[in-house]
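# Structural characterization, general
For reference, the chains in residue letters:
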Amino acid sequence: MTQPQLTQNHLQKSLGLPFALAISVGGVIGTGIMRAPGVIVNEVPVFWIAMALWAVAGLFILLAANVTAELGAAIPKAGGHYVAVHAAFGDTMGLLSGWTNWLANVAGTTAVAIACADFLGTINPWVAAHVPWAASAILLAVTATNWAGVREGKWMQIIGTAIKLGLLGAVVGIAFLIDPVAVASSAAAAYVPALPGGIAGFIAIVTALQIILGAYDGWFGPIYFSEEDKNPGRNIPRALFTSVIVIIAVYLLVNLSLFKALDIAGLRASELPMALVIEQVFGRTGNIVVALIATIMALVTLNSIVMPTPRILFAMARDGLFLQSATRVNRGGTPTVALAISAMIAFPLIWSGGFIFVFKLTGALSIFASSLYFAAFFALRRSQPDLPRPFRAVGYPVLPALALVISVLLLIAFIAADPISGIYMIALMAICIPVGIHLGRERGRAAISEM
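Residues numbered from 1 in each chain as written. Predicted model: local features only at pLDDT ≥ 70, side-chain atom pairs only at ≥ 80, totals over all residues. Heavy atoms only, no water.

## Structural notes on the nonpolar core
Here is the rule we go by: Think of a nonpolar core as a cluster: buried Ala, Val, Leu, Ile, Met, Phe, Trp, Tyr and Cys residues, connected wherever their side-chain atoms sit within 4.5 Å. Buried, partly exposed and exposed residues are distinguished by accessible area as a fraction of the type maximum, computed with a 1.4 Å probe on protein chains only: under 20%, between the cut-offs, and over 50%, respectively. Numbering of helices and strands starts at the N terminus; helices are DSSP runs of H or I of at least 4 residues and strands are runs of E of at least 2. The contact criterion used is simple: two residues touch if any of their non-hydrogen atoms lie within 4.5 Å.
By size, the foremost hydrophobic cluster in this structure holds 135 residues, and its most contacted members are Ile29, Ile40, Trp54, Leu213, Tyr216, Trp219 and Tyr251. Looking at which element gives the most residues to this core, the answer is helix H3 (residues 47-74), with 15 residues. Excluding anything up to four places from it in sequence, leucine 213 contacts Ala57, Phe60, Ile61, Ile367, Leu410 and Phe414.

## Details of the packing of helix H5 (residues 91-121) against helix H14 (residues 286-306)
What counts, and what does not: Axis lines are fitted through C-alpha atoms, for helices just across the contact stretch, and the angle between N-to-C directions can take any value from 0 to 180 degrees. Angular relationships are summarised with four words: roughly parallel below 35 degrees, roughly antiparallel beyond 145, roughly perpendicular across 65 to 115, and oblique for the angles in between. Working rule for handedness: look at the near helix, and if it is turned counterclockwise from the far one by less than a right angle, call the crossing left-handed; if clockwise, right-handed. Note that Gly is not counted as nonpolar here; it falls among the polar residues with everything else outside the nonpolar set of Ala, Val, Leu, Ile, Met, Phe, Trp, Tyr, Cys and Pro and the charged set of Asp, Glu, Lys and Arg.
Close contact between H5 and H14 brings their axes to 9 Å; oriented N to C, the two are set at 160°. Compared by their axis directions, H5 and H14 come out roughly antiparallel. Of the two elements, H5 crosses H14, and the hand of that crossing is left-handed. In contact with Asn105, Gly108, Thr109, Val112, Ala113, Cys116, Phe119 and Leu120 of H5, H14 contributes Ala291, Ala294, Thr295, Ala298, Leu299, Thr301, Leu302, Ile305 and Val306. Classifying every residue of the contact of H5 with H14 gives 12 nonpolar, 5 polar and no charged.

## Things to note about the environment of valine 83
Residue placement: valine 83 occurs in helix H4 (residues 81-89). Between the C-alpha atom of valine 83 and that of glycine 98, which follows or precedes it by 15 residues, the distance is 8.1 Å. In this structure valine 83 touches Ile75, Lys77 and Ala78, once residues within four positions along its chain are discounted.

## Describing the environment of isoleucine 138
Structurally, isoleucine 138 can be placed in helix H7 (residues 131-148). Given a relative accessible area of 12%, isoleucine 138 falls into the buried group. Residues isoleucine 138 and leucine 299, 161 residues apart in the sequence, show an inter-C-alpha distance of 8.2 Å.

## Brief notes about the packing of helix H15 (residues 309-318) against helix H16 (residues 336-350)
Running from amino to carboxyl end, H15 crosses H16 at an angle of 120°, the nearest separation of the two axes being 8 Å. In terms of orientation, H15 and H16 fall into the oblique class. Read as a crossing pair, H15 and H16 show a hand that is right-handed. Where H15 approaches H16, its residues Thr309, Pro310, Leu313 and Phe314 are matched on the opposing element by Ala338, Leu339, Ile341 and Ser342. Partitioned by chemical class, the residues of the contact of H15 with H16 number 6 nonpolar, 2 polar and no charged.

## As for the packing of aromatic side chains
To keep things clear, this is the line we draw: Stacked, tilted and edge-to-face pairs are distinguished by plane angle, under 30 degrees for stacked and over 60 for edge-to-face with tilted covering the rest, among Phe, Tyr and Trp rings (Trp via its six-membered ring) whose centres lie within 6.5 Å. A positively charged side chain is recorded as over a ring if its NZ (Lys) or CZ (Arg) lies within 6 Å of the ring centre. The angle to the ring normal must also be within 35 degrees.
For the coordinates displayed, the defined rule picks out 13 aromatic pairs. With 5.3 Å between their ring centres and 50° between their planes, tryptophan 99 and tryptophan 102 make a pair best called tilted. With tryptophan 99 and tryptophan 102 both in helix H5 and 3 residues apart, the pair spans about one turn of that helix. Judged by relative accessible area, tryptophan 99 falls into the buried class, the value being 7%. Ring centres 4.9 Å apart and planes at 45° place the aromatic pair tyrosine 216 and tyrosine 251 in the tilted group. Taken as a pair, tyrosine 216 in helix H10 (residues 198-216) and tyrosine 251 in helix H11 (residues 232-261) lie far apart in primary sequence, 35 residues in all. Here tyrosine 216 and tyrosine 251 have matching classes, each one buried. An aromatic cluster is defined as three or more aromatic residues linked by ring pairs; in this entry it consists of Trp54, Tyr216 and Tyr251. Directly above the aromatic system of tyrosine 396 lies the positively charged group of arginine 381, at a separation of 4.0 Å from the ring centroid.

## Focus: H14
How we decide: Take the number of residues in a helix, subtract one, and multiply by 1.5 Å to get its expected span.
Its 21 residues place the ends of H14 30 Å apart at the C-alpha level, agreeing with the 30 Å of an ideal helix rising 1.5 Å per residue. Among the 21 residues of H14, 15 are classified as buried, and the element is accordingly described as predominantly covered.

## Points about the pattern of salt bridges
Pairing is possible between side chains of opposite charge, provided their charged atoms come close. The condition that has to hold: Here a salt bridge means any side-chain nitrogen of Lys or Arg lying within 4 Å of a carboxyl oxygen belonging to Asp or Glu.
All told, the structure shown has 5 salt bridges when counted by the stated rule. With a shortest N-O distance of 2.8 Å, glutamate 227 and arginine 318 are connected by a salt bridge. Here the residue glutamate 227 occupies a position in the loop between H10 and H11, and arginine 318 occupies one in helix H15, the gap between them amounting to 91 residues. A relative accessible area of 27% means that arginine 318 is categorised as partly exposed.

## Let's talk about a nonpolar patch on the surface
To keep it simple, the criterion reads: For patch detection, residues must exceed 30% relative accessible area and be free of salt bridges, and they are connected within 9 Å for like charges or within 5 Å for nonpolar side chains (Val, Leu, Ile, Met, Phe, Trp, Tyr). Computed by Shrake-Rupley with a 1.4 Å probe, the accessible areas treat only the displayed protein chains as cover when residues are assessed.
Among the surface-exposed residues, Phe47, Trp48, Phe176, Leu177, Leu253 and Leu256 lie close enough to one another that they form a single nonpolar patch of about 650 Å² accessible area. Mapped by element, the contributors of at least two residues to the nonpolar patch are H3, helix H8 (150-177) and H11. Here leucine 256 lies in helix H11. Leucine 256 gets classed as partly exposed once you look at its relative accessible area, which sits at 34%.

## So, the confidence of the model for the chain
Close reading of the predicted structure is inappropriate where its pLDDT is low. Operational definition: Values of pLDDT, which run from 0 to 100, indicate the predictor's confidence residue by residue.
Per-residue confidence for the chain gives a mean pLDDT of 84; residues scoring 70 or more make up 86%. pLDDT under 50 marks residues 1-7. Its contacts with residues more than four places away, or in other chains, come to 14 contacts. Per-residue pLDDT stays below 50 along residues 185-191; that stretch engages in 5 contacts with residues further than four places along the chain or on separate chains.

## Quick word on empty space enclosed by the protein
Note the following rule: Each cavity reported here is a set of points on a 1 Å grid over the protein atoms alone in which a 1.4 Å probe fits but cannot get out, each pocket an open set with protein on both sides within 12 Å along at least five of seven lines, and each lining residue one with an atom within 4 Å of a point. Grid points are joined across faces, edges and corners, and a volume is the space filled by probe spheres set on the points.
As enumerated under the stated definition, the model contains 7 cavities of 30 Å³ or more in all. What lines the second largest cavity is a set of 12 residues, among which Ile61, Asp217, Trp219, Ile367 and Ser370 lie closest to the centre. Every element with two or more residues in the lining of the second largest cavity is listed here: H3 and helix H17 (354-383). Considering every element that reaches the lining of the second largest cavity, the biggest residue donor is H17, with 5 residues. Across the lining of the second largest cavity, the residue classes tally to 8 nonpolar, 3 polar and 1 charged.

Printed below as a string of structure tokens:
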């Protein structure tokens, strides 16, 4: 096989609305919703509180989509959140935003690869005993698929999203139709846990909300590909709002179906609550069926994170904020050097601390990046009032301001509830400081040489 020819600074304009919908819906609905319901009930073992947290997080995502739709359509360039922040605040904040957003994606890649290996481990004992190795192999396979080109990644995403929605719909239908599943122990069934009070209760709610937002993370996928979209002014807003509404509806239905089929003890006892539901239909093979479903869903989600991640580095490199080699694009339309760098950083994280640690870190990094993005929205409205905006945010300035305030409060709450994750987040972000200093020196030398 011949190596795809490398070009410079050229992404292919070959994507449309179907892909934008698939990258958003398929990127979100998957690993998180398979594992998160049981984890959330462990934190907040009260039905109405758990459901309220899923609904509140969904409303926040809808507010965020309102802002993102305007910015994504107004500045149709590759790079996601980085693009607007760089346009609004310049190189320093642009570098911080791009670096943070890229790290969030790399952490998300790691979390999903680990989850995929965990799911396979319920079928294969060797995988269960060697999760980091299996996760690394899975990530390598998905990376290789995207190395071939955008077309391969696009069709994997579109077809995979259709399959995963069909599978998840079937599981939800079964959960609503079967009789409630009893837990194995009557003592466990009789035990009704309560949400702790005081600081412990606050930490439990914030932790649950952080994990839920991690499960929602990725809905903004279309903005990474706006430069490659044939009609971004039309497709980006439509894809964002349609996808977010679908995601919220699916997540609430999944949780309702699991609460209908299982009691609190059953949800708390299983890392894969859907396995208990499917067991009622398929018997002992139910775990295998759910593991296969979960693996397929995780692979599609992993693809949806691997695809946009190198485009952040590509955009930063094009603006002189990262190594220029990251602007190289192969004949298939993939920024190959940026893809390779992203994969090389993701592999060590696989060995760092397991799914929940990385998942929570992803949520914190994403909220920080979103806070900068929402601030950029207001800065651009003030500094570039004549910028063509195919879509203008509804309810300006109240609703966009509400999104900004909530994101900042969530970030503060996440750090207060889990200082360790906050330290990791700050340490990872601090890595960009020497990078920025080096790039500044390089630009200074280049300016002197041109004089």
